[in-house]
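This is what each chain is made of:
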Amino acid sequence: MLACYALIEMNRKLNHALASLVLMYSATAWSQETTMATIKGEGEYTISGSTRCGRGETTATIKSGERFIARELSYGKKDWAVYLRSGVSGTIPRNRIRVLQDEPLTKLNFAGCKEKWRKLQSKRIKDDTAAQAGYHGVANYYKTLVQISDGDVKAFAQFNSLTPFMDGAAGEGHSEDKWVLLHVAGDDTFAKLLAGQSSKVREEYATHFAEGDTYPISNPKPYIKLHFPKTYAILYGK
């Protein structure tokens with residue numbers, strides 16, 4: 001009898017622990033969801049931040065009623081990361097943010113990246129990504145990125161040929177560049193580039209964008225469908 005009670009108590013504690021884990025996971029998962037937001041209350045808010053491909057720090061003033069993308073940095077932290085239409089990103093205290101969960105996400109702004117790539121191609125920069133790309137046959141990595149953003153199918157094929165070989169910091173850079181290229185090239189150009197690749201490459205992009213480096217977008221498929229409908233159709237169907 002005592003053994004029976006002990007077993008019941010053990011099951012009760014196990015179920016309680018599992019329920020706690022589910023609740024904790026749900027809270028953490030929710031906290032990492034990307035959402036639209038605006039400033040809470042009247043007045044403006046000035047942030048110190050940076051742009052994805054900019055140099056150094058910059059400041060931006062968010063006006064009352066202005067919409068921006070927001071995402072909690074980690075569960076329970078007082079500051080949230082914000083991404084403005086201008087391309088500037090920074091942090092704002094959670095108590096100054098009003099979440100607009102029902103509004104569709106605006107498109108991220110990576111406009112400065114193409115200018116940066118042009119500068120780096122002329123300097124023939126050999127950071128981790130460019131150096132490893134050179135080792136695997138792409139002599140000027142940043143020139144290749146510029147060419148891809150202009151719709152060069154051959155350059156896109158060279159870029160994609162690097163995927164199996166890039167690892168470590170170089171692999172992370174190469175992975176992130178896929179997401180940036182989608183934005184810099186735009187929907188029409190990127191869809192045409194994908195259409196010229198093999199089904200295997202398209203499948204790799206479909207998986208990558210669904211599960212890869214699409215930060216700060218936590219649920220990329222609806223975002224891609226909204227802002228890149230032609231690319232979405234090629235990768236995921238109608």
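Since the structure is predicted, the reported quantities are computational estimates derived from the model, not experimental observations.

**Q** Help me out: how do you make sense of the overall build of the protein in this one?
**A** When you go through the protein residue by residue, the secondary structure sums to 10 helices and 7 strands. Residues classed as buried in the protein amount to 39% of the 238 residues present. For the protein, the exposed surface amounts to about 13,400 Å²; the carbon and sulfur share of it is 53%.

**Q** Looking at this structure, I do not really get the state of the cysteines. What am I missing?
**A** Note on terminology: a disulfide is the covalent bond linking the sulfur atoms of two cysteines. The final tally for this structure, using the stated rule, is 1 disulfide. Between C53 and C113 runs a disulfide, and the two sulfur atoms are separated by 2.0 Å. In this structure the cystine formed by C53 and C113 twists about its S-S bond by roughly 85 degrees; its chirality is therefore right-handed. Remark: C113 occurs in helix α2 (residues 112-123) and C53 occurs in the loop between β2 (45-51) and β3 (58-62); sequence separation between them is 60 residues.

**Q** Mind showing me how you'd approach helix α6 (residues 168-185) here?
**A** Given 3.6 residues to a turn, an α-helix orients residues that are three or four positions apart in the same direction. Between its terminal C-alpha atoms α6 stretches 26 Å, which fits the 26 Å expected from 18 residues at 1.5 Å a residue. Considering bend angle alone, the principal kink of α6 is centred on W179 and spans about 30 degrees. Of all 18 residues making up α6, 13 are buried, and the element is well covered by its neighbours. Note on α6: the residue one or two positions beyond its end, G186, has a positive phi of about 90 degrees.

**Q** Can you help me understand the environment of W80 in this one?
**A** Along the polypeptide, W80 turns up in strand β5 (residues 79-83). Taking C-alpha positions, W80 is 6.6 Å from A70, a pair spaced 10 residues apart along the chain. Among residues more than four places away in sequence, those in contact with W80 are T35, A70, R71, E72, L73, G90, T91, I92, R94, I97 and V99.

**Q** Where do I start with the pairing of β5 in this structure?
**A** For a regular strand, the rule is simple: side chains alternate between the two faces of the sheet. Burial within β5 is extensive, with 4 of its 5 residues counted as buried. Here strand β4 (residues 68-72) runs beside β5; their pairing, made up of 4 bridges, is antiparallel. When the bridges of β5 are listed, E72 appears paired with W80. Bridge count between β5 and strand β6 (residues 88-93): 5 bridges; the pairing is antiparallel. Directly across from V82, in β6, lies its bridge partner G90. Here β5 folds back onto β6 in antiparallel fashion, the turn holding 4 residues, of which G87 has a positive phi close to 100 degrees.

**Q** Before we go on, may I ask you to explain the nonpolar core in this structure?
**A** Nonpolar side chains tend to gather and get buried jointly when the protein is soluble and globular. Formed by 44 residues in total, the largest nonpolar core has its most connected members in W179, F190 and Y205. Of the residues forming this core, the biggest block, 6 residues, is contributed by α6. Leaving out residues up to four positions away in the same chain, W179 has contacts with L108, F110, F209, D213, T214, Y215, I217, P220, Y223 and I224.

**Q** It is not clear to me how the sheet that holds β6 should be interpreted in this structure. Could you clarify?
**A** Two pairing modes exist for strands in a sheet, parallel and antiparallel, and in both the strands are linked by backbone hydrogen bonds. As summarised here, the arrangement of the 7 strands in space is β3-β2-β6-β5-β4-β1-β7, forming an open sheet in which the pairing is antiparallel. Only two strands of the sheet have a single partner each, and these edge strands are β3 and β7 (97-100). Strand-to-strand twist across the sheet, computed as the mean angle between neighbouring axes with direction ignored, equals 40 degrees. Here 3 bridges tie strand β1 (residues 35-39) to β4, and the two strands are oriented antiparallel to one another. Note that in β4 the partner of M36 across the bridge is I69.

**Q** Got a minute to help me understand the pattern of salt bridges in this structure?
**A** Should their charged atoms come close, side chains of opposite charge can pair. Taken as a whole, this structure holds 5 salt bridges when the rule is applied. With its nearest N and O atoms 3.0 Å apart, the salt bridge here joins R67 to E103. Of this pair, R67 sits in the loop between β3 and β4 while E103 sits in the loop between β7 and α2, and the two are 36 residues apart along the sequence. Across the pair K230 and D188 runs a salt bridge whose closest N-O atoms are separated by 2.7 Å. Here the residue K230 occupies a position in helix α10 (residues 229-236), and D188 occupies one in helix α7 (residues 187-195), the gap between them amounting to 42 residues.

Rules and cut-offs
- Residue numbers restart at each chain and count upward from 1, following the sequence in its written direction.
- pLDDT decides what is reported in this predicted model: residues at 70 or higher carry local features, side-chain atom pairs at 80 or more are listed and counted, and totals for whole chains, interfaces and linings draw on all residues regardless.
- With hydrogens and water stripped out, all remaining heavy atoms of the structure feed into the side-chain values.
- Helix and strand definitions here come from DSSP, where helices need a minimum of 4 consecutive H or I residues and strands a minimum of 2 consecutive E residues; each element is numbered from the N-terminal end.
- Working definition: with a 1.4 Å probe on protein chains only, accessible area under 20% of the residue-type maximum means buried, over 50% means exposed, and in between means partly exposed.
- Surface exposure here means Shrake-Rupley accessible area, sampled with a 1.4 Å probe, where a residue is shielded only by the protein chains that are shown.
- The disulfide criterion used throughout: a pair of cysteine sulfur atoms within 2.5 Å.
- Between the first and last residue of a helix there are one fewer steps than residues, each counted as 1.5 Å, and that sum is the expected span.
- Bending is quantified residue by residue as the angle between axes fitted to the seven-residue window ending at that residue and the seven-residue window starting at it.
- Residues are treated as being in contact if the distance between any of their heavy atoms lies within 4.5 Å.
- Being paired, for any two strands, means DSSP has found at least two bridges between them.
- Take the buried Ala, Val, Leu, Ile, Met, Phe, Trp, Tyr and Cys residues and link them wherever side-chain atoms come within 4.5 Å; each set so joined is a nonpolar core.
- Only the stretch in contact is used when fitting a helix axis, every axis being a line fitted to C-alpha atoms; angles between N-to-C directions are given from 0 to 180 degrees.
- Just to be clear on terms, a salt bridge is a Lys or Arg side-chain nitrogen sitting within 4 Å of an Asp or Glu carboxyl oxygen.

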